Amino acid sequence: MRGIRLVATPGEPRTFAPGMTNRPLIAPGRWEEFDPFLLLMEDWMQEPGGFPDHPHRGIETVTLVLEGELAHADNRGNQGVLSADDLQWMTAGSGIVHSELPSDRSASHTLQLWLNLSAAEKMVESNYQDLLARNAQRVDDGRTDIRVVSGSLEGVAAPTANHTPVLYLDMRVAADSRTIVPIPASHNGFIHVVEGEARFGVDAVVGRADQVLWLDYPTATSGGSSLEIRTEAPVRLLIVTGKPIREPVVAYGPFVMNTQEQIVEAYRDFHAGRFGGPTPAALALMGR
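Residues numbered from 1 in each chain as written. Predicted model: local features only at pLDDT ≥ 70, side-chain atom pairs only at ≥ 80, totals over all residues. Heavy atoms only, no water.

With that out of the way, let us pick up the side chain of Gln129. As for its placement among the helices and strands, Gln129 is situated in strand E12 (residues 127-131). A distance of 2.9 Å separates a polar side-chain atom of Gln129 from the backbone nitrogen of Ala161. Setting aside its immediate chain neighbours within four residues, Gln129 contacts Leu87, Gln88, Trp89, Pro159, Thr160 and Ala161. (Helix = DSSP H or I, 4+ residues; strand = E, 2+ residues; numbered from the N terminus. Polar contact = N/O pair within 3.5 Å; in protein donor to acceptor, adjacent residues only side chain to side chain. Contact = heavy atoms within 4.5 Å.)

Structural data, given as structure tokens:
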């Protein structure tokens, strides 16, 4: 049975640009402790806010739309609009330019997780997966509804392609419930309480809305473990776990690599146009 080693309460959202408010739920910098996860940011966007064309290398971004709509595009020809409960799993790999903007029909409230890639996979080809709510793989016993976004649970496997093994569960648990969730014993991971309140782990640690609770750090390299969840009122939460990479992390801006020299190379390649050109769809959105 897994326990809880850390409970983090985020600060209040901050306005940092017109139409843009955010706050870190997992702040960057604690690379070894949170491995393979780099950061988790909660964003609120409305026009004229948003993230126009910007590059990434060496990571994957996993974006969950909580409310509203998010218009996205990249310079590989992918584009679309994500609605509430839709996700986007983007592999930046060797380099991509993309944009995330509020739809012209709605403001946007999102959670974006940055997931590290191993040294052997930081320069893989970029990829894009839209994981729509209507196509979700679910485990539902009438009291606990679990969307399996990545990985597998009780024989239900998500179609999501992974470079780093990740279990990503979006759960809604009814009041007065006791749920046991199996988790790979080799995985590090966290719980984010989206709404409500529950007790977690062997010590029944309380987790409240907006908080992030970290599971005890894994000591096993294989096998299974489990997390106990007890509720008195309805709760929505995310359980996200992954196998630690255990490699050096050097991060600067939108790039996460293993050495400072690789960061310099990433900026050089981007400014030389080796990531490709701009995102035509994003330019059109910005000009609407």
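That covers the picture; the talk isn't over yet.
As a further point, take the pattern of salt bridges. Pairs may arise between side chains of opposite charge once their charged atoms sit close together. One pass over the structure, following the stated rule, counts 13 salt bridges. Here Arg23 and Asp210 are joined by a salt bridge, their closest N and O atoms 3.1 Å apart. Here Arg23 is found in strand E3 (residues 20-26), whereas its partner Asp210 is found in the loop between strand E21 (205-208) and strand E22 (212-215), with 187 residues between them in sequence. Residue Arg30 is joined to Glu33 by a salt bridge in which the shortest nitrogen-to-oxygen separation is 3.0 Å. (Salt bridge = Lys/Arg side-chain N within 4 Å of Asp/Glu carboxyl O.)

With 12 residues, helix H2 (residues 260-271) should cover 16 Å at 1.5 Å per step; its first-to-last C-alpha distance of 17 Å lies within 8% of that length. Taken residue by residue, H2 has Ile263, Ala266 and Asp269 as its buried positions. One side of H2 carries all its buried residues, which in axial view fall inside an arc of 125°. Those residues of H2 that are exposed and angled more than 90 degrees off the buried face are Glu261, Arg268 and His271. Tucked into the core, H2 has its buried residues touching strand E25 (250-252) and strand E26 (255-257). Remark: Gly273 follows H2 within two positions and exhibits a positive phi of approximately 85°. (Expected span 1.5 Å × (residues − 1). Buried < 20%, exposed > 50% of the residue type's maximum accessible area, 1.4 Å probe, protein only. Arc of directions from axis to C-beta.)

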